[in-house]
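A structural walkthrough
If you want the building blocks of each chain, they are given just below.
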Amino acid sequence: MCVTSLHLIFTHTMCNYECTDGYHWDPQTQHCKDINECETIPEACKGEMKCFNHYGGYLCLPRSASVIPAPEPPNQIHPSLENTASEPFNPCPPGFEPQGDSCVDVDECEQDSHDCQPSQQCFNTEGSFSCQCPDGYRKVGTECIDIDECRYRYCQHRCVNVPGSFSCQCEPGFQLAANNRSCIDVDECSMGAPCSQRCYNTYGTFLCRCEQGYELGPDGFACNDIDECSYSSYLCQHQCVNEHGKFSCVCPKGYQLLGTRLCQDINECETGAHQCSDGQTCVNIHGGNKCVDSKSCEEPYVQVSDRCTCPITKPGCRDLPYSVVHRYMSITSERSVPSDLFQIQATSVSPGAYNTFRIRSGDDNGDFYIRQINNISAMLVLARAVNGPREYVLDLEMVSMNPLVTYHTSSVLRLTIYVGPHAF
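Please read all numbers here as calculations on a predicted model, not as lab measurements.

1. Some remarks on the overall build of the protein chain
Regarding its fold elements, the protein chain presents three helices and 35 strands. At 60 Å, the protein chain has a C-alpha radius of gyration far larger than the 22 Å of a compact globule built from 424 residues. The C-alpha extent of the protein chain, read off along each of the three principal axes, is 195 × 55 × 35 Å. Per-residue burial for the protein chain yields a buried fraction of 30% across its 424 residues.

Below, the structure written as structure tokens:
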């Protein structure tokens, strides 16, 4: 209440001013000043609520809420201190102003005569205005509070709330669709995935695979050659050669590949890949060939057809076999034993003759033996495993006896056996 005393020279007014709730009188500025209840009231907001001061009061909002603060409003001026200067008379309703003989709307937003907070948008209306919050905010009292759109699950994968808006993010292997909310798979294979050979796109990721003969490296991208030869010694009969993504088998000289892994002897005598002269006979052996003289009879033998004979009229032939026939054969190394090698067959037998077979010479180590089949044939048997390259010259003798006529004679089959260097 104010008390006024009238004197002759001046008027002195003493006032005791009162402010509205939420404000206090500041004698220094002579204005009503807002009270910050968040500082003056202990535990103004309970639990998980946070205190936000605003003009003439305060708000308790969740701690995740975002508030755009408004600048300090002009301090309240007591009505008794307002300018009492007279204003021109306005015959128009509030929100309108005279213009000629009519009243037109006042655009408070344009004239900045509104009281919208800085966080709000002013919209002019007929005779007034309205204060609205921008998109992404909602109005709480006089403040605009951020809306947490992520609570409404707008995004397919991850949602990131920002003041006034939100953004969607996708997990690795996905990208945002055109609607900026859904996530679609990324085809890494068409975007240069680091697979060194084959790439297979899957939902949200991709897989690297390798061609045959390669294996995937520890990084899951690179393909390393598989050394198939190191896995087994049975892939090739002779030698395995590793190559990029595969392997191949090779054979030694004198052999050719049979299929993909076996080695087969080349018969140079049949292919003509030998260098034997006209007077020689080509004998194929494992891994090569031999050239032997067609006529190889030694004294006192003479050549008769395909054999060498020693006439009984010659004194030197008395203790020698009557005939010698040359034969040749080739066997592999490490042949299983006992093994039948060569059958001896008598070509002519005298009536009443009794025949026996033996190894006359060439088997100093006892690697062979004779198994007689009947009176006219026998089998040469390999008794012990042998390794090549090696050459045997065995004289296989058939002794014929006839006790009735006191007849005794013999013939020799001179068998040359070539043992090849390999087991094939």
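So, next bit.
2. Things to note about the state of the cysteines
The tally for this structure, following the rule as stated, stands at 20 disulfides. Paired by a disulfide, Cys276 and Cys291 hold their sulfur atoms 1.8 Å apart. Because the sign of the S-S torsion sets the handedness, a value of about -85° for the bond joining Cys276 and Cys291 places this disulfide among the left-handed ones. On the criterion of sequence distance, the pair formed by Cys276 in the loop between α3 (268-271) and β25 (280-285) and Cys291 in strand β26 (residues 288-293) is long-range, its members being 15 residues apart.

3. Let's talk about the environment of Cys291
Overall, Cys291 belongs to the partly exposed group, its relative accessible area being 31%. Sequence-wise, Cys291 and Ser277 are 14 residues apart; in three dimensions their C-alpha atoms are separated by 8.0 Å. Setting aside its immediate chain neighbours within four residues, Cys291 contacts Gln275, Cys276, Gln280 and Thr281.

4. Section: the packing of aromatic side chains
This model, assessed by the stated rule, comprises six aromatic pairs. Taken together, a centroid distance of 5.0 Å and an interplanar angle of 85° make the contact between Phe368 and Tyr392 edge-to-face. Taken together, the residues Phe368 in strand β32 (residues 368-372) and Tyr392 in strand β34 (residues 390-402) connect sequence positions 24 residues apart. Neither residue differs from the other here; Phe368 and Tyr392 are each classed as buried. Cluster of aromatic residues (ring-pair linked, three or more members): Tyr152, Tyr154 and Phe166. Note that Arg181 overlies the ring of Tyr154, its terminal NZ or CZ placed 4.6 Å from the centroid.

5. Observations regarding the nonpolar core
With 20 residues, the main nonpolar core has Leu341, Phe342, Phe368, Leu380, Leu415 and Ile417 as its most contacted residues. Mapped by element, the contributors of at least two residues to this core are β29 (323-331), β30 (339-345), β33 (377-382), β34 and β35 (407-419). Excluding anything up to four places from it in sequence, Ile417 contacts Met329, Ile331, Leu341, Phe368, Leu380, Arg390, Glu391, Tyr392 and Leu394.

6. Some words on the UniProt feature "domain: EGF-like" (unreviewed entry) in the protein chain
In the numbering adopted here, UniProt assigns the feature "domain: EGF-like" (unreviewed entry) to residues 105-145, 146-184 and 225-264. Overall, residues 225-264 shows 0% helix and 45% strand. The separation of its end C-alpha atoms is 29 Å.

7. Regarding the environment of Pro94
By the element assignment, Pro94 lies in the loop between β6 (57-62) and β7 (96-99). For Pro94, a relative accessible area of 76% corresponds to the exposed category. A C-alpha to C-alpha distance of 129 Å links Pro94 and Val419, two positions 325 residues apart in sequence.

8. Describing the sheet that holds β32
On the basis of which strands lie adjacent, the open sheet formed by three strands has the order β30-β33-β32 and antiparallel pairing. This sheet does not close on itself; its edge strands, each paired only once, are β30 and β32. Direction aside, the axes of adjacent strands within the sheet are offset by 25° on average. As defined by bridge partners, β32 adjoins β33 across five bridges and the pair is classed as antiparallel. Among the inter-strand pairings, Arg371 is bridged to a residue of β33, identified as Met379.

9. Some points on the pattern of salt bridges
Counted by the stated rule, this structure contains 12 salt bridges. Among the salt bridges present, the one from Asp367 reaches Arg384, with a minimum N-O distance of 2.8 Å. Of this pair, Asp367 sits in the loop between β31 (354-361) and β32 while Arg384 sits in the loop between β33 and β34; the two residues are 17 residues apart in sequence, bridging distant segments of the chain. Accessibility expressed as a relative area gives 3% for Asp367, which makes it buried. For Arg384, a relative accessible area of 43% puts it in the partly exposed group. With a closest N to O distance of 4.0 Å, Arg390 and Asp367 form a salt bridge. With Arg390 in strand β34 and Asp367 in the loop between β31 and β32, the pair connects residues that are 23 residues apart, well separated along the chain. The exposure class of Arg390 is partly exposed, given its relative accessible area of 33%.

How each quantity is defined
Residues numbered from 1 in each chain as written. Predicted model: local features only at pLDDT ≥ 70, side-chain atom pairs only at ≥ 80, totals over all residues. Heavy atoms only, no water. Helix = DSSP H or I, 4+ residues; strand = E, 2+ residues; numbered from the N terminus. Rg over C-alpha atoms; globule rule 2.2 N^0.38 Å. Buried < 20%, exposed > 50% of the residue type's maximum accessible area, 1.4 Å probe, protein only. Disulfide = S-S within 2.5 Å. Contact = heavy atoms within 4.5 Å. Phe/Tyr/Trp six-rings, centres within 6.5 Å; stacked < 30°, edge-to-face > 60°. Lys NZ or Arg CZ within 6 Å of the ring centre and 35° of its normal. Core = buried A, V, L, I, M, F, W, Y, C linked by side-chain atoms within 4.5 Å. UniProt positions renumbered as here; feature names shortened; annotations may be inferred. Pairing = 2+ DSSP bridges. Axes fitted to C-alpha atoms, helices over the stretch in contact; angles between N-to-C directions. Salt bridge = Lys/Arg side-chain N within 4 Å of Asp/Glu carboxyl O.

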